[in-house]
Amino acid sequence: MDEIQYASERDLAIRNVDRESSLLRDVKGALRRIHDGSFGTCIECESMISPRRLAAVPWASRCIQCQEVADGDGQERTESVSATFGSGLLCQSSPLPEWRKWMNQHFYVRQGVSFQEMTVAQRNAAFGLLEASLSARGLKLTRDIMRLNETLAELINDHEFLGEWLYFITVMGKPSASEPWGFQLDGHHAIVNYFVLGDQVVMTPFFAGSEPVTAASGKYKGVSILQDEQNRGLDMLLALDKAQRAKAVLNPNKSANYNLTEAFKDNVVLDYTGARAADFSEPARKQLLDLVDLYVGNMDEGHARIKMDEVARHIGRTWFAWIGGADSSAVYYYRVHSPVILIEFDHQRPANLARFVKDPNLPTRQHIHCVLRTPNGNDYGKDILRQHYQTHAHA
C-alpha cells in the first residue's frame, strides 16, 4: 500500500469513528426530546420540523432554515470540498447539460477533478462527500469498483486509462439547503448522480459494474462485488410459480448485452414487460422489494427509506423480466420496472479481458453492468427541479 493511499485510508477510518460518535450524540439527543415532549420542534425557532425532513433525518433538531444558518449557508456536505478545490470543481448551476456528461466506459474524456490529481486532503474531502451521501454499503461498493479497476489495469497492463484513482468529481451548482445543487462521480463502471433540493434527494442515474467482478490476484485479491445482486435476482425468478416464470422469461437464451438504459439513454421509453408483481404472492412481492432495496440502499439510509416507501406504494404496478438461464452458473439479464423505479442487471460480454476467454462473443459472470434510473422524467431530479421553478422565482 503506497503512502498516499495509506494516509487516505487512515483518515477515512478516523472520519468514520468521528461520524459514528456524532451520530450517536444526535440520536441520544432525539431520544431525550422524545422523552420530554419536544421532539419535532426546532431548537432554534421553535417551529415544527417538516415531516419530510424527520423522515430523512429522524434525529434532526433544527428546521431546514435554521440548519442552513447553523451549517453556514447549508454547505454541510460539501464545504470541505468547495474550500479545498476552489471554483474549478463547480459548475455554475444545477440544471446544466453537464449532468448528462457521464459514461461507464474507461476511455471517455471526463469533466471535474480526478482522484489521481488530488492531494491527500482533497481525496479526503471527496471521500467525505461520498460518505455523507451514500450508505456504508454504497460507499463500500463504490470503493471496491475503484479497486477492481486497479485489478483490471494490472491484468492488461494499462495504467494510462485504468486504475483506482481515475474517477472524477464534479459539483453542480452552489451547495445550499434551499436551492438545487448536486454532484457527480464519473469513472469506469462507477457513476453516481446525486441531486439535492432541500430535504429531497434523487440519486439516479446510478451505474455500478466491473470487469472482473472478483479479483483473483494482485493488489486487491479477494475483492468481489455485485454477488448479492446476481444471486438474489436468480432467487427472485425461482420464487415465482410456473405460470409467472413463463411470463417473466422473455428469452431463455442470452448471447448478447441487453442493458437499454446506460450512458446517453436518458429519454429512453420502455414498455412494461415480463411478470406483474400484482399477481405475485405476498412473500414474492416482499422478495421483489428486498431485491430493489439492494440498489436503492446504496444511497444514505434516510432517503433510501423514503424511496423504498415510494417503490412499495407502486408494487402492484411493478414488473419483473428475465433473459437467460436459470441455474447457478448461468448468465442472464433481469429488469425491475415500475412508474418510480427502473433497474437493469446484465452479465456482459467480455471487453478488456476478452483475450483471456475461450469465446469473447459470449457473456460472462465476470463482467456485470447494473443501472438504476428514475422513470418518467425524474433522473437528475428533473421533475423536482421543474416543480421548484414553477413555484419559486429565479433570475
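Worth saying up front: this structure is predicted, and the values here are computed from it rather than measured. (Residues numbered from 1 in each chain as written. Predicted model: local features only at pLDDT ≥ 70, side-chain atom pairs only at ≥ 80, totals over all residues. Heavy atoms only, no water.)

### Remarks on the nonpolar core
Argument step 1. Ranked by internal contacts, the top residues of the largest apolar core, which has 68 residues, are Phe115, Phe280, Leu288, Leu291, Tyr295, Phe320 and Tyr334.
Argument step 2. If you tally residues by element for this core, the top one is helix α9 (residues 282-296), at 8 residues.
Argument step 3. Counting 14 residues, the second largest nonpolar core, distinct from the first, contains Met103, Val202, Val371 and Tyr380. (Core = buried A, V, L, I, M, F, W, Y, C linked by side-chain atoms within 4.5 Å. Buried < 20%, exposed > 50% of the residue type's maximum accessible area, 1.4 Å probe, protein only. Helix = DSSP H or I, 4+ residues; strand = E, 2+ residues; numbered from the N terminus.)

### Overview of the confidence of the model for the chain
Atom-level detail of predicted coordinates should not be read off regions where pLDDT is low.
Argument step 1. Per-residue confidence for the chain averages 86 on the pLDDT scale, and 84% of its residues sit at or above 70.
Argument step 2. Here residues 72-80 is a poorly scored stretch, pLDDT under 50, and it has 25 contacts once near neighbours within four places are set aside; other chains count. (pLDDT = per-residue confidence, 0-100. Contact = heavy atoms within 4.5 Å.)

### Quick word on the side chain of asparagine 259
Argument step 1. Following the sequence through the fold, asparagine 259 ends up in the loop between β8 (249-251) and β9 (275-276).
Argument step 2. A distance of 2.9 Å separates a polar atom in the side chain of asparagine 259 from a polar atom in the side chain of glutamate 262.
Argument step 3. Every residue in contact with asparagine 259, bar those within four places of it in the chain, is listed here: Tyr333, Glu344, Phe345, Asp346, Gln348, His369, Cys370 and Val371. (Polar contact = N/O pair within 3.5 Å; in protein donor to acceptor, adjacent residues only side chain to side chain.)

### What to know about empty space enclosed by the protein
Argument step 1. Counting across every chain of the model gives 1 cavity of 30 Å³ or more.
Argument step 2. Here the largest cavity defines a volume of roughly 40 Å³.
Argument step 3. For the largest cavity, the full set of lining residues is Leu141, Phe206, Ala208, Leu226, Glu229, Tyr295, Asn298, Cys370, Val371 and Leu372.
Argument step 4. The set of elements that each furnish at least two residues to the lining of the largest cavity consists of β7 (206-210) and β13 (368-373). (1 Å grid on protein atoms, 1.4 Å probe; cavity = no way out; pocket = protein on both sides within 12 Å on 5 of 7 lines; lining within 4 Å. Points joined across faces, edges and corners; volume = space filled by probe spheres on them.)

### Some remarks on the layout of surface pockets
Argument step 1. The calculated volume of the second largest pocket comes to roughly 580 Å³.
Argument step 2. Taken together, 27 residues line the second largest pocket, and the ones lying closest to its centre are Val201, Ile306, Lys307, Glu310 and Asn378.
Argument step 3. Among the secondary structure elements, those contributing two or more residues to the lining of the second largest pocket are α2 (51-56), β6 (200-202), α9, α10 (301-313) and α11 (382-391).
Argument step 4. Counting residues per element, the lining of the second largest pocket draws most heavily on α10, which supplies 6 residues.
Argument step 5. In terms of residue class, the lining of the second largest pocket is made up of 14 nonpolar, 6 polar and 7 charged. (Nonpolar A, V, L, I, M, F, W, Y, C, P; charged D, E, K, R; others polar.)

### Quick notes on the environment of alanine 312
Argument step 1. Tracing the backbone through its elements, the reader meets alanine 312 in helix α10.
Argument step 2. When its relative accessible area of 33% is taken as the criterion, alanine 312 is described as partly exposed.
Argument step 3. The sequence separation of alanine 312 and lysine 286 amounts to 26 residues, and the corresponding C-alpha distance is 9.0 Å.

### Details of α9
Argument step 1. Between the first and last C-alpha of α9 there are 21 Å, a value that for 15 residues agrees with the 21 Å anticipated at 1.5 Å per step.
Argument step 2. Among the residues of α9, those classed as buried are Ala284, Arg285, Leu288, Leu289, Leu291, Val292, Leu294, Tyr295 and Val296. (Expected span 1.5 Å × (residues − 1).)

### What to know about the packing of helix α7 (residues 227-238) against α9
Argument step 1. Contact geometry for α7 and α9: axes closest at 10 Å, N-to-C directions at 165°. The orientation of α7 relative to α9 falls into the category roughly antiparallel. For the pair α7 and α9, the sense of crossing is left-handed. Here Asp228, Glu229, Arg232, Gly233, Asp235 and Met236 of α7 come into contact with α9, specifically with Ala284, Gln287, Leu288, Asp290, Leu291, Leu294 and Tyr295. (Axes fitted to C-alpha atoms, helices over the stretch in contact; angles between N-to-C directions. Parallel < 35°, antiparallel > 145°, perpendicular 65-115°, else oblique. Left-handed = near helix turned anticlockwise from the far one by under 90°.)

### Focus: the pattern of salt bridges
Argument step 1. Evaluated as defined, the whole model comprises 14 salt bridges.
Argument step 2. For aspartate 144, the salt bridge is made with lysine 140, and the minimal N-O distance between the two is 2.7 Å. Of the two residues, aspartate 144 and lysine 140 both sit in helix α6 (residues 136-156), 4 residues apart, roughly one turn of that helix.
Argument step 3. Between aspartate 290 and lysine 286 there is a salt bridge, and its shortest N-O distance comes to 2.9 Å. Here aspartate 290 pairs with lysine 286, and both are found in helix α9, just 4 residues apart, close to one helical turn.
Argument step 4. Here the salt bridges share partners, and the residues they tie into one network are Arg100, Asp266, Arg373 and Asp379. (Salt bridge = Lys/Arg side-chain N within 4 Å of Asp/Glu carboxyl O.)

### Examining α6
Argument step 1. A rise of 1.5 Å per residue sets the reference length of α6, with its 21 residues, at 30 Å; its end C-alpha atoms lie 31 Å apart and thus fit the reference within 8%.
Argument step 2. Most of α6 sits out of view: 16 of its 21 residues are buried.
Argument step 3. Residue asparagine 157 follows α6 closely and has a positive phi angle near 55°.

### Comments concerning the pairing of strand β11 (residues 332-337)
Argument step 1. Within β11, 6 of the 6 residues are buried, which leaves it mostly tucked inside the rest of the structure.
Argument step 2. Here β11 shows two buried faces, one formed by Tyr332, Tyr334 and Val336 and the other by Tyr333, Arg335 and His337.
Argument step 3. The sheet contact formed by strand β10 (residues 319-324) and β11 spans 6 bridges and is antiparallel. Opposite isoleucine 323, over in β11, you have tyrosine 333 as the bridge partner.
Argument step 4. Counting the residues between successive antiparallel strands, the hairpin from β11 to strand β12 (residues 342-347) contains 4 residues. (Pairing = 2+ DSSP bridges.)

### Observations regarding unusual backbone geometry
Argument step 1. The omega torsion of the bond from threonine 204 to proline 205 falls at 0°, within 30 degrees of zero and hence cis.
Argument step 2. Structurally, proline 205 can be placed in the loop between β6 and β7.
Argument step 3. Omega for the bond connecting glutamate 211 with proline 212 falls within 30 degrees of zero, at 0°, which places this linkage in the cis form.
Argument step 4. If you check the backbone angles, asparagine 157 has positive phi at about 55° while not being a glycine.
Argument step 5. The phi torsion at tyrosine 380 lies on the positive side, around 60°, for a residue other than glycine.
Argument step 6. Structurally, tyrosine 380 can be placed in the loop between β13 and α11.

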